[in-house]
Amino acid sequence: MGIPENINTAKIRGEKTLLNGITGEDAQTVADWKNEDEVFRFALSTDKPVTVESQRADIARTLRADEPYFLIRALETRKPIGYVRFDILDNERSKLLLRYALGEPEYRGKGFAFDALHAVLKHFFGNGALRVEAECYDFNEPGLKLLKKLGFSIEGRKRKAGYYYSTCMHFDVLVLGLLGEEFN
Ligand SMILES: CC(C)(COP(=O)(O)OP(=O)(O)OC[C@H]1O[C@@H](n2cnc3c(N)ncnc32)[C@H](O)[C@@H]1OP(=O)(O)O)[C@@H](O)C(=O)NCCC(=O)NCCS
């Protein structure tokens with residue numbers, strides 16, 4: 001059996017971040033983050049701005065499905081700075097797909113994402129997760145370095161799987177994986 005039900009009620013604490021379950025009231029914040037330059041370029045494959053309505057619907061669907069979706073807050077100030085979420089890939093809730101972003105640029109490069117992702121992975125691997133995978137655009141150096149620092153290995157390359165509408169460019173997407181027994 002994998003991660004527990006009602007997972008979004010969990011409070012997860014790192015050394016410099018605090019994670020709490022997302023609610024519909026966070027839709028505007030998440031839409032703003034997704035429209036920020038780097039998140040839009042490195043984590044989304046679309047040519048249209050992200051709307052609040054789409055995020056409200058996405059949050060509602062995720063909560064109905066009991067999939068993990070957390071806001072990342074700076075521990076000291078409680079300011080929301082990003083999100084981390086997981087698609088559940090199997091009926092046992094033990095294989096997960098990780099997605100994440102820091103939406104506040106001034107918090108990047110200071111260890112906040114590492115701290116938050118390490119804390120949530122520790123919580124999930126300690127509570128039944130067997131495997132976490134992630135996808136990363138091959139030109140996303142910060143995203144790739146962060147995943148490798150967390151212990152992820154590259155398991156494959158999906159050639160020309162991504163597409164940029166604005167430049168009409170196809171790009172490769174890397175697939176990475178991390179098993180519970182490898183995590184520390
Ligand atoms: C990827 C992202 C979450 C990293 O967050 P962060 O808080 O800046 O990362 P951290 O400060 O915890 O850094 C962790 C490691 O990532 C690497 N890293 C972070 N920013 C980097 C940058 N701009 N360039 C190169 N490497 C970088 C470093 O190796 C760092 O470890 P080190 O400090 O020990 O060298 C953030 O840049 C972001 O939100 N980007 C846009 C969205 C996105 O790319 N999402 C991921 C999709 S796979």
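Preceding block: the structure.
Just so you know, these numbers come straight off a predicted model, no measurement behind them.

Rules of the game
- Residues numbered from 1 in each chain as written.
- Predicted model: local features only at pLDDT ≥ 70, side-chain atom pairs only at ≥ 80, totals over all residues.
- Helix = DSSP H or I, 4+ residues; strand = E, 2+ residues; numbered from the N terminus.
- Rg over C-alpha atoms; globule rule 2.2 N^0.38 Å.
- Axes fitted to C-alpha atoms, helices over the stretch in contact; angles between N-to-C directions.
- Left-handed = near helix turned anticlockwise from the far one by under 90°.
- Contact = placed C-beta atoms within 7 Å.
- Nonpolar A, V, L, I, M, F, W, Y, C, P; charged D, E, K, R; others polar.
- Core = buried A, V, L, I, M, F, W, Y, C linked by C-beta atoms within 7 Å.
- Buried ≥ 20, exposed ≤ 12 C-beta atoms within 10 Å, placed from the backbone.
- Pairing = 2+ DSSP bridges.
- Near = placed C-beta within 6 Å.
- Expected span 1.5 Å × (residues − 1).

Description of the overall build of the protein chain
So, point 1. Helix and strand counts for the protein chain come out as five helices and eight strands.
So, point 2. Going from the N terminus to the C terminus, the protein chain shows its helices and strands as β-β-α-α-α-β-β-β-α-β-α-β-β.
So, point 3. For 184 residues, the compact-globule estimate of 2.2 N^0.38 gives 16 Å, and the C-alpha radius of gyration of the protein chain, at 16 Å, lies within 12% of that figure.
So, point 4. When its C-alpha atoms are laid out on the principal axes, the protein chain stretches across 45 × 35 × 35 Å.

Concerning the packing of helix 1 (residues 27–35) against helix 3 (residues 52–64)
So, point 1. Contact geometry for helix 1 and helix 3: axes closest at 8 Å, N-to-C directions at 120 degrees. For helix 1 against helix 3, the interelement crossing comes out right-handed. Contacts between helix 1 and helix 3 involve A27, Q28, V30 and A31 on the former and, on the latter, V52, Q55, R56 and I59.
So, point 2. In the contact of helix 1 with helix 3, the residues fall into five nonpolar, two polar and one charged.

Digging into the nonpolar core
So, point 1. Ranked by internal contacts, the top residues of the largest apolar core, which has 41 residues, are L19, F70, I72, Y83, V84, A116 and V120.
So, point 2. At the level of secondary structure, the elements contributing two or more residues to this core comprise helix 1, strand 3 (69–74), strand 4 (80–88), strand 5 (95–102), helix 4 (112–125), strand 6 (131–137) and strand 8 (169–179).
So, point 3. With nine residues, helix 4 is the single largest residue contributor to this core.
So, point 4. Residues in contact with F70, not counting those within four places in the same chain, are I12, L19, N20, G21, I22, Y83, V84, R85 and V120.

A few points about the sheet that holds strand 5
So, point 1. The eight strands are arranged 1-2-3-4-5-6-8-7 in an open sheet whose pairing can be described as mixed. Each having just a single partner strand, strand 1 (12–13) and strand 7 (153–164) make up the two edges of the open sheet.
So, point 2. Seen against the sheet, helix 5 (residues 141–149) touches strand 6 and strand 8 and runs at an angle of roughly 160 degrees to strand 6.

Some remarks on the pairing of strand 5
So, point 1. Strand direction decides the pairing type here: strand 4 and strand 5, joined by seven bridges, are antiparallel. Each bridged residue has a counterpart across the sheet, and for R85 the counterpart in strand 5 is R99.

What about the site of the ligand?
So, point 1. Contacts to the ligand come from 22 residues, most closely from F42, A113, F114, P142 and K145.
So, point 2. Among the secondary structure elements, those contributing two or more residues to the shell around the ligand are helix 2 (37–43), strand 5, helix 4 and helix 5.
So, point 3. No other element matches the six residues that helix 5 contributes to the shell around the ligand.
So, point 4. Along the lines of polarity and charge, the residues of the shell around the ligand split into twelve nonpolar, four polar and six charged.

Regarding unusual backbone geometry
So, point 1. A positive phi angle, near 50 degrees, is found at N6, a position not held by glycine.
So, point 2. Mapping N6 onto the fold places it in the segment before strand 1.
So, point 3. For N6, a count of 8 C-beta atoms within 10 Å corresponds to the exposed category.
So, point 4. Not every positive phi belongs to a glycine, and R93 is a case in point at roughly 60 degrees.
So, point 5. Mapped onto the elements, R93 comes out in the loop between strand 4 and strand 5.

Quick look at helix 4
So, point 1. Relative to the 20 Å expected for 14 residues at 1.5 Å per residue, helix 4 spans 20 Å between its end C-alpha atoms, a close match to the ideal helical length.
So, point 2. Burial of helix 4 is extensive: ten of the 14 residues sit out of reach of the surface.
So, point 3. The complete set of buried residues in helix 4 reads F112, A113, A116, L117, A119, V120, L121, H123, F124 and F125.

Digging into the environment of F112
So, point 1. Mapped onto the elements of the fold, F112 is located in helix 4.
So, point 2. For the pair F112 and H170, spaced 58 residues apart in the sequence, the C-alpha separation amounts to 31 Å.

So, the pairing of strand 3
So, point 1. Burial within strand 3 is extensive, with five of its six residues counted as buried.
So, point 2. Direction of pairing for strand 2 (residues 17–21) relative to strand 3: antiparallel, over a ladder of five bridges. Its bridge partner lying in strand 3, N20 is registered against L71.
So, point 3. Bridge count for strand 3 against strand 4 is five bridges, and the pairing is antiparallel. Residue pairing in the sheet places R73 in a bridge with P80 of strand 4.
So, point 4. A loop of five residues connects strand 3 with strand 4, the two strands running antiparallel in sequence, and R78 in this loop sits at a positive phi of about 70 degrees.

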